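So you can see what is in the structure, the chains are spelled out below.
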Amino acid sequence: MDFEKLSAYKKLQELAKNPPDLTKNSVFNIDRIKNFVAKSKDYTLFYAGERVNEDIIKTLFELAKEASALEKMQNMQNGEIVNFIRGFPSENRAALHTATRDFFSGDKKSKTANEAKALAYAEYEKLKRFLAEIETFDRFQDLIMIGIGGSDLGPYANFLALAHLIKKGRRAFFINNIDPDNLHRVIESANLDKTLVAVVSKSGNTLETMTNEAFLRDCFVKAGLDPRKHFVAVTGEGSPMDDKSLYLDTFYIWDWIGGRFSSTSMVGGVLLGFAFGMEIFTEFLKGASEMDHAALNPNLSENIPLLGALLSIWNRNFLHYETLAVIPYSQALSRFPAHFQQLSMESNGKHIDKEGKRTPFQTGMIIWGEPGTNAQHSFFQLLHQGVDPIPIEFIGFIESQSRFDFIFNGTTSQEKLLSNLLAQSISLATGKKSDNPNKEFDGNRPSHILMAEQLTPKTLGELLAYFEHKTAFEGFIWNINSFDQEGVQLGKVVAEKIIDQFASERKKEFNEGYGVAKAYLELFKKV
Ligand SMILES: O=P(O)(O)OC[C@H]1O[C@H](O)[C@H](O)[C@@H](O)[C@@H]1O
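These numbers were taken from a predicted model, which means no experiment stands behind them.

A.B. asks: So, the side chain of N212: which residues are in play, and what are the values?
C.D. replies: For N212, the location among the structural elements is in helix α8 (residues 207–222). Those residues in contact with N212 that lie beyond four places of it in its chain are I146, I175, N176, N177, I178 and L183.

Structure representation (structure tokens):
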């Protein structure tokens, strides 16, 4: 059913004409904060700061029901084909990233999901054996991960989120950009003799990754090292990279795992397992798997991924806000906005629906963000007094990861951090009147807060899955295909043509040089 034809859509258009005014004390008060709360597993979603009321929330839930959002989520987790455009050539695949972490519940799943789970579990066990073996011989201290897009952003964000737990003596480096300075800085730092290299590419033919792999192999050879004793592959089974003669070991993913949804597969597993050990990687998977279950909860006020999606849709399609700022009040989540940027914008930056028709409504938001409180000293001026309101998703934790703190002027740093987070959400909502227009705050700037006790491997897994399912629910309700990325292909094709031009220029130079060399080579009848 087309999104704009749902009956709840028309009701929401009406309700959007007069959203609640949060600047009024009679509206934004303690009761409201206590009422507009939802919980899933370790996370609480406080959404009093959004421009919603009971009627709007009820109608948003109706929208989800009319769009069969929960059924589509169940179908996705059962391995049904969800990645398709009806009537046109498309990928026609499942999106079974939940199968890469479903090792704990023992829930009865579909045959497809069970087969996928078995494949993923075999790779999980292979990784466990591989890491135990290199541990025995203390073979590697450093890991260099080569990958880009979904083969970098999620794994890197998750690595930084847990960096304080890194195994003693171990380090990780990341080569993602084709900019040669990226690789140069890494080999200036890593101890190549004790370095494991994970080449991560689902397709096995991404320009940046293949180029960086060849470049790094050359560096290893020039250092007198055999790359085959240092390089492992993480790639699609049967991809151009699937050649065991070139690698110490190979870890597989499959076409039913989208790159931006692959953090809990071996794409993230080799890095997190090497850096933190299998126990921590397993806790991370457990958290993601628990949020997978929460996303199936029919009690919508306990299904925060669905509620998060509905709040985004309310802000996007009915209040017509174009972007969403993701502001984690946690320095450890510094690269999470970048991961969520790809996850959301590559999934839902689409202009046609699953029937191949142009959408007459807005779809994916522009996602951006930086950690707080730093962001307060950067772009919060615009968030408070800019012309256009910008919805914000705050993320916060009651406790710091280290619990290493200091009381200054009577409070700890963690208390100061949380106070700022709450103050921002409240002041953006309530605003402030003033006779001086330059000191006036309009308020009614929507935000919600995702809060947990502490950022641990498990709550990180839950957070990752929250964002994955929120993204998928948005696509289900918009009836768009969130699981392909045709939009990235054109740029690549044009780039290849220009690269070929450089190559032929070089050959021509070489031929000219060769022309001169030819005089000598002809002496030896080399040509
Ligand atoms: O993992 P790979 O096959 O190397 O792909 C890496 C990335 O490049 C592609 O262009 C897509 O934009 C991403 O979704 C993907 O994650």
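The rest of the description comes next.
A.B. asks: How would you summarise the pattern of salt bridges if you had to cite specific residues and measurements?
C.D. replies: In total, this model carries 32 salt bridges according to the counting rule given. A salt bridge links R171 to D142; the shortest N-O distance between them is 2.6 Å. Placement of the pair is R171 in strand β6 (residues 171–175) and D142 in strand β5 (residues 142–146), with a sequence separation of 29 residues. With a closest N to O distance of 2.7 Å, K470 and E393 form a salt bridge. With a gap of 77 residues between them, K470 in helix α15 (residues 457–478) and E393 in strand β12 (residues 392–397) connect regions that are remote in the sequence. Accessibility classification places K470 together with E393 in one group, the buried group. The structure contains a network of salt bridges with shared partners spanning D2, E4, K5, D353 and K357.

A.B. asks: Talk me through the layout of surface pockets; I want residue IDs and the actual numbers.
C.D. replies: Of the voids in this model, the largest pocket is the one considered here, and its volume is about 1000 Å³. If you go around the largest pocket, you meet 40 residues; those closest to its centre are S203, T206, Q485, V488 and K492. Counting only elements with at least two residues in the lining of the largest pocket, the list comes to β4 (93–94), β7 (195–201), α8, α12 (336–348) and α16 (489–523). Among the elements that line the lining of the largest pocket, the one with the most residues is α16, at four residues. Partitioning the lining of the largest pocket into residue classes produces 14 nonpolar, 15 polar and 11 charged. Here the second largest pocket defines a volume of roughly 270 Å³.

A.B. asks: Residue-level account of the sheet that holds β7, with values.
C.D. replies: Spatially, five strands are ordered β6-β5-β7-β8-β9 in an open sheet, and the strand pairing comes out parallel. Either end of the sheet is taken by a strand with one partner, and the two such strands are β6 and β9 (249–253). Direction aside, neighbouring strands of the sheet carry axes that sit 20° apart on average. Pairing geometry for β5 and β6, over five bridges, is parallel.

A.B. asks: Give me the nonpolar core: which residues, what numbers.
C.D. replies: Residues F3, L63 and I477 are the most contacted members of the largest nonpolar core, which totals 118 residues. For this core, the element with the most residues is α15, which contributes 11 residues. Counting residues domain by domain, this core receives three or more from each of domain 1 (3–66 + 297–484) and domain 2 (97–284). Residue contacts for I477: discarding those within four places in its chain leaves F3, L63, A64, A67, A69, L306, L310 and I313. Counting residues in hydrophobic clusters, the runner-up holds 18 residues, among them V197, V199, L225 and Y247.

A.B. asks: Break down the site of the ligand for me, citing the residues and quoting the values.
C.D. replies: Residues in contact with the ligand amount to 13 residues; listed here are only the nearest, S151, S201, T206, E346 and K492. In the model, an oxygen atom of the ligand is placed 2.6 Å from a nitrogen or oxygen of the T206 side chain. The contact in question runs from an oxygen atom of the ligand to an N or O atom on the side chain of K492, over 2.7 Å. Starting from 390 Å² of accessible surface for the ligand in isolation, the protein chains cover 88%. The cavity where the ligand resides is the largest pocket.

A.B. asks: Tell me about the packing of aromatic side chains, residues and numbers included.
C.D. replies: Evaluated as defined, the whole model comprises 29 aromatic pairs. For the pair F336 and F467, a centre-to-centre distance of 5.8 Å together with 55° between the ring planes defines the contact as tilted. One end of the pair, F336, is in helix α12; the other, F467, is in helix α15, with 131 residues separating them in the sequence. Here F336 matches F467 in class, with each residue buried. With a centroid separation of 6.3 Å and an interplanar angle of 85°, the aromatic rings of F473 and F476 are classed as edge-to-face. Residue F473 and its partner F476 are both found in helix α15; the two are separated by three residues, about one turn of the helix. Assessed through its relative accessible area of 0%, F473 is described here as buried. A network of ring pairs unites the aromatic residues F103, F104, Y121, Y124, F281 and F284 as a single cluster. Positioned above the aromatic ring of F231 is the side chain of R217, whose terminal nitrogen or guanidinium carbon lies 4.6 Å from the ring centre. Taking NZ or CZ as reference, R217 lies 5.0 Å from the ring centre of Y247, over its face.

A.B. asks: Quick one: what's the story with a nonpolar patch on the surface, residue by residue and with numbers?
C.D. replies: A cluster of nonpolar side chains, namely L490, V494, I498 and F502, defines an oily patch on the protein surface of about 430 Å² accessible area. Its place among the elements puts I498 in helix α16.

A.B. asks: Residue-level account of unusual backbone geometry, with values.
C.D. replies: Residues G372 and T373 are joined by a peptide bond in cis, for which omega reads 10°. Note that T373 resides in the loop between β11 (366–368) and α13 (380–385). For N444, which is not a glycine, the phi torsion comes out positive at approximately 55°. In this structure, N444 sits in the loop between α14 (413–430) and β15 (447–452). With a phi close to 60°, N479 is a non-glycine residue in the positive phi region. Its location among the elements puts N479 in the loop between α15 and α16.

How each quantity is defined
- Residues numbered from 1 in each chain as written.
- Predicted model: local features only at pLDDT ≥ 70, side-chain atom pairs only at ≥ 80, totals over all residues.
- Heavy atoms only, no water.
- Helix = DSSP H or I, 4+ residues; strand = E, 2+ residues; numbered from the N terminus.
- Contact = heavy atoms within 4.5 Å.
- Salt bridge = Lys/Arg side-chain N within 4 Å of Asp/Glu carboxyl O.
- Buried < 20%, exposed > 50% of the residue type's maximum accessible area, 1.4 Å probe, protein only.
- 1 Å grid on protein atoms, 1.4 Å probe; cavity = no way out; pocket = protein on both sides within 12 Å on 5 of 7 lines; lining within 4 Å.
- Points joined across faces, edges and corners; volume = space filled by probe spheres on them.
- Nonpolar A, V, L, I, M, F, W, Y, C, P; charged D, E, K, R; others polar.
- Pairing = 2+ DSSP bridges.
- Axes fitted to C-alpha atoms, helices over the stretch in contact; angles between N-to-C directions.
- Core = buried A, V, L, I, M, F, W, Y, C linked by side-chain atoms within 4.5 Å.
- Domains from an automatic or database assignment.
- Near = heavy atom within 4 Å.
- Polar contact = N/O pair within 3.5 Å; in protein donor to acceptor, adjacent residues only side chain to side chain.
- Areas by Shrake-Rupley, 256 points an atom, 1.4 Å probe, with all protein chains shown as cover.
- Sits in = over half its atoms within 2 Å of the grid points.
- Phe/Tyr/Trp six-rings, centres within 6.5 Å; stacked < 30°, edge-to-face > 60°.
- Lys NZ or Arg CZ within 6 Å of the ring centre and 35° of its normal.
- Patch = residues over 30% accessible without salt bridge, like charges linked within 9 Å, V, L, I, M, F, W, Y side chains within 5 Å.

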